[in-house]
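# Secondary and tertiary structure notes
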Amino acid sequence: MKKYLLFLWMLGTIIGLTSCNDDEPNEPNPNETVVKRLKSITFTGSDNHSISLKYGDEGRLFQLTEEYSEPVINKLTYENGQVVMERFGKYYGTFILNEQGYVITFKRDNTADHSYKYNADGYLTESTNGEHTCTYTYQDGNLSTCAIGNSIGLFTAGDTKEILSTPALYQPLYLHILGNVEVTIGYLAGLYGKAGTHLMASSDYTIEKGANWETQTLIDYTYQMDNHGYVTLQEEKGKFYYRRNGSLQQGESFEGSMSFSYETIE
């Protein structure tokens with residue numbers, strides 16, 4: 001249960017890239033089409049590090065490197081409706097895909113660790129880890145809620161401006177959603193459902209931790225974009241609250257950001 005509760009807070013790290021906000025300094029040029037793909041992400045805040053991505057001839061992600069003091073290399077091999085993952089040069093697990101190319105099961109040692117369901121439009125609607133299931137709902141193609149038991153995340157879209165950036169950034173499943181590295185890798189490989197289309201303005205996570213204790217995290221997101229409509233910077237500002245025996249108190253405020261770099265596809 002701990003990983004699922006953690007997910008509702010960490011979801012805000014990347015989930016801001018699924019609905020829209022008014023604070024972009026550059027307007028996309030609709031008369032100029034430039035196709036790019038994500039090359040790296042740099043995180044600042046509570047966890048300062050970066051990740052870099054490499055793609056094969058077919059445009060599919062085949063290597064993701066976690067840039068710590070000692071780089072960690074992860075590799076993906078695509079074969080017959082499956083994606084095999086290696087980590088530290090050794091077998092790590094296998095993604096089993098549906099006909100749409102989305103993950104329905106992740107297996108390690110021939111055991112199904114996680115399972116996933118999608119609706120007819122290709123949006124993720126359910127993820128299960130052991131006894132715990134998270135459900136997702138959508139409004140106008142953008143994530144609206146995610147819930148695990150009595151814990152829930154609420155997401156507010158901004159305006160209706162369409163975003164042109166890499167589809168893998170706009171999905172309802174985000175980095176560390178279950179606290180497992182394979183979800184990070186699979187998410188950035190575009191394996192977890194149909195992309196959303198708009199950036200998010202804010203999120204509200206309420207996590208129940210007991211009959212008389214819950215936490216609430218409110219986050220606002222702002223963005224910078226390049227002239228082609230690709231997000232180059234996401235910044236977040238949040239406040240943490242907790243409630244015990246009916247008394248609401250404010251905890252710490254926090255800030256963080258992610259910067260994105262791209263490579264142009266010719």
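Only a predicted model underlies this, so the values are computations on that prediction, with no experimental measurement involved.

### A short note on the overall build of the protein
A tally of regular secondary structure across the protein gives three helices and 16 strands. Across the protein, contacts joining residues at least 24 apart in sequence account for 52% of those joining residues at least 6 apart. When the accessible surface of the protein is summed, it comes to about 13200 Å², and 46% of that surface belongs to carbon and sulfur atoms.

### Observations regarding the environment of Leu-191
Structurally, Leu-191 can be placed in the loop between α3 (181–188) and β13 (200–210). Spatially, the C-alpha atom of Leu-191 lies 9.3 Å from that of Gln-100, the residues being 91 residues apart in sequence.

### Regarding the pairing of strand β16 (residues 247–264)
Judged from the eight bridges that link them, strand β1 (residues 36–44) and β16 form a sheet pairing that is antiparallel. Directly across from Thr-44, in β16, lies its bridge partner Ser-257. Pairing between strand β15 (residues 231–244) and β16: eleven bridges, direction antiparallel. Paired with Glu-235 across the strands is Ser-257, a residue of β16.

### Let's talk about the pattern of salt bridges
Considering all chains together, one arrives at six salt bridges under this definition. Here Lys-117 makes a salt bridge to Glu-126, at a shortest N to O gap of 3.6 Å. With a closest N to O distance of 3.3 Å, Glu-214 and Arg-243 form a salt bridge. Taken together, the residues span a long stretch of sequence, with Glu-214 in strand β14 (residues 213–225) and Arg-243 in strand β15 at a distance of 29 residues. Residue Glu-214 is classed as partly exposed on the basis of its relative accessible area, which comes to 26%. Take Arg-243: its relative accessible area is 29%, and that puts it in the partly exposed class.

### Quick notes on the packing of aromatic side chains
Across all of its chains, the model carries six aromatic pairs by this definition. Note on Tyr-102 and Tyr-118: the rings are 5.4 Å apart at their centroids and 35° apart in plane angle, and the pair reads as tilted. Note that Tyr-102 is positioned in the loop between β6 (90–97) and β7 (103–108) and Tyr-118 in strand β8 (residues 111–118), a separation of 16 residues in sequence. The pair Tyr-102 / Tyr-118 is uniform in exposure class, with both members buried.

### Describing the nonpolar core
By size, the foremost hydrophobic cluster in this structure holds 46 residues, and its most contacted members are Leu-38, Ile-41, Phe-95, Val-103, Leu-188 and Tyr-192. Among the elements that make up this core, the one with the highest residue count is α3 (five residues).

Rules used throughout
- Residues numbered from 1 in each chain as written.
- Predicted model: local features only at pLDDT ≥ 70, side-chain atom pairs only at ≥ 80, totals over all residues.
- Heavy atoms only, no water.
- Helix = DSSP H or I, 4+ residues; strand = E, 2+ residues; numbered from the N terminus.
- Contact = heavy atoms within 4.5 Å.
- Areas by Shrake-Rupley, 256 points an atom, 1.4 Å probe, with all protein chains shown as cover.
- Pairing = 2+ DSSP bridges.
- Salt bridge = Lys/Arg side-chain N within 4 Å of Asp/Glu carboxyl O.
- Buried < 20%, exposed > 50% of the residue type's maximum accessible area, 1.4 Å probe, protein only.
- Phe/Tyr/Trp six-rings, centres within 6.5 Å; stacked < 30°, edge-to-face > 60°.
- Core = buried A, V, L, I, M, F, W, Y, C linked by side-chain atoms within 4.5 Å.

Note that all results are geometric; they support no functional claim without further evidence.
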